[in-house]
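# Reading the structure
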Amino acid sequence: MIRTRVLVVDDDLPILRAMRANLRARGFQADLAESGEQALILAARHHPDVVILDLGLPEMSGIAVIHGLRGWTNVPIIVLSARGAERDKVDALDAGADDYITKPFGMDELFARLRAALRRRAPAEATAVVVSTPDFVVDLAAKTVSSNGAEIRLTPIEWGIVEILVRNTGKLVSQSQILTTVWGPQFAEATNYLRVHLAHIRRKLEPEPSRPVYFITEPGMGYRFTIPPSEHT
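If you're wondering where the values come from, they're calculated on a predicted model, not measured in any experiment. (Residues numbered from 1 in each chain as written. Predicted model: local features only at pLDDT ≥ 70, side-chain atom pairs only at ≥ 80, totals over all residues. Heavy atoms only, no water.)

### Digging into the pattern of salt bridges
Evaluated as defined, the whole model comprises 13 salt bridges. In this structure, the salt-bridge partner of arginine 26 is aspartate 108, at a minimum N-O distance of 3.8 Å. One end of the pair, arginine 26, is in the loop between helix H1 (13-25) and strand S2 (29-33); the other, aspartate 108, is in helix H5 (residues 107-121), and 82 residues separate them in sequence. Measuring nitrogen to oxygen at the nearest pair gives 2.7 Å for the salt bridge that ties lysine 204 to glutamate 158. Highlighted residues: lysine 204 in helix H8 (residues 191-205) and glutamate 158 in helix H6 (residues 156-166), separated in sequence by 46 residues. Classification of lysine 204 by relative accessible area gives partly exposed; the value is 33%. In this structure glutamate 158 comes out as buried when scored by relative accessible area, which is 3%. (Salt bridge = Lys/Arg side-chain N within 4 Å of Asp/Glu carboxyl O. Helix = DSSP H or I, 4+ residues; strand = E, 2+ residues; numbered from the N terminus. Buried < 20%, exposed > 50% of the residue type's maximum accessible area, 1.4 Å probe, protein only.)

Encoded structure:
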C-alpha cells in the first residue's frame with residue numbers, strides 16, 4: 001500500500017517531532033525539513049502529496065519556498081505559521097499556498113484541512129504521467145525515458161531537469177527555477193551548470209542536438225519543453 005507522503009517544513013524541532021508522530025499514527029509518510037533549502041531538495045527528490053510549511057524559516061523564507069515549489073509543481077501547500085496578520089496570510093496565498101493555519105493549532109483541524117487539500121487535488125492526479133514524442137517516451141511515474149522500447153540512461157541531474165521541463169510542457173521554466181529545484185537554492189545563479197547538462201540531454205534525446213526541437217532555449221529567460229507535430233500526422 002502506497003502511503004500519502006507529507007513534507008513538513010519547520011525550524012521548531014518539537015513541532016517537527018510532534019508532526020511526524022501524528023502523521024505516522026494516522027497512516028501518512030512524513031518527510032521533515034528544518035530549512036527552506038532542505039525542503040526544496042526533499043520535494044524535488046520525493047514529490048510529496050502535501051506540504052505543511054512554516055513561514056519563519058532561517059535564511060530562506062517560507063514565501064520563497066512557496067515560489068520555488070510553484071515553479072514546477074501544484075502540490076497542495078498548507079501554511080502553518082505563528083504569523084496571524086492578514087498581510088502575511090494574503091502574501092502566502094498570493095504566492096501560491098492553498099491554505100493557512102495560525103499557530104497554536106489543533107491537530108484535528110490540521111488533519112481535516114490536510115484531507116480537504118488531498119480531495120481537491122484528486123482530479124488533477126488523473127492527468128497523464130506518460131509523455132510521448134515522435135522520438136522518445138518520458139514516463140514520469142517510473143522516472144524513465146525510452147526510445148523504441150529501449151531505456152535511455154539519464155543521470156539523476158539530467159532526469160531532474162527533464163522532469164521539471166516535461167511536467168511544464170509548453171511553459172517557460174526559468175533558469176533559477178530549474179537550478180533551485182534540481183541543485184538547491186545556493187545554485188540559483190549557476191547557469192553554467194545548466195548549460196552543460198542541457199547539452200548532455202540534447203545529445204541523448206534530440207534527433208539533431210545542434211538544432212533542438214524538444215528542449216528549447218529562451219535566451220536570457222530559461223528553457224521550454226515542446227513536442228513538435230509528427231511528420232505522419
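### Considering a positive patch on the surface
A cluster of like positive charges, contributed by Arg3, Arg17, Arg20 and Arg24, occupies part of the molecular surface. Residue classification places arginine 3 among the partly exposed residues on the basis of a relative accessible area of 40%. (Patch = residues over 30% accessible without salt bridge, like charges linked within 9 Å, V, L, I, M, F, W, Y side chains within 5 Å. Areas by Shrake-Rupley, 256 points an atom, 1.4 Å probe, with all protein chains shown as cover. Lys, Arg positive; Asp, Glu negative; His and termini not counted. Charge placed at Lys NZ, Arg CZ, Asp CG, Glu CD.)

### Some remarks on the environment of alanine 97
With respect to the element layout, alanine 97 can be found in the loop between helix H4 (86-95) and strand S5 (99-102). Relative accessible area serves as the criterion here: at 8%, alanine 97 is assigned to the buried category. Linking alanine 97 and arginine 45, residues 52 residues apart in sequence, is a C-alpha distance of 20 Å. In contact with alanine 97, not counting residues within four places along its chain, are Ile66, Ile77, Val79 and Ala92. (Contact = heavy atoms within 4.5 Å.)

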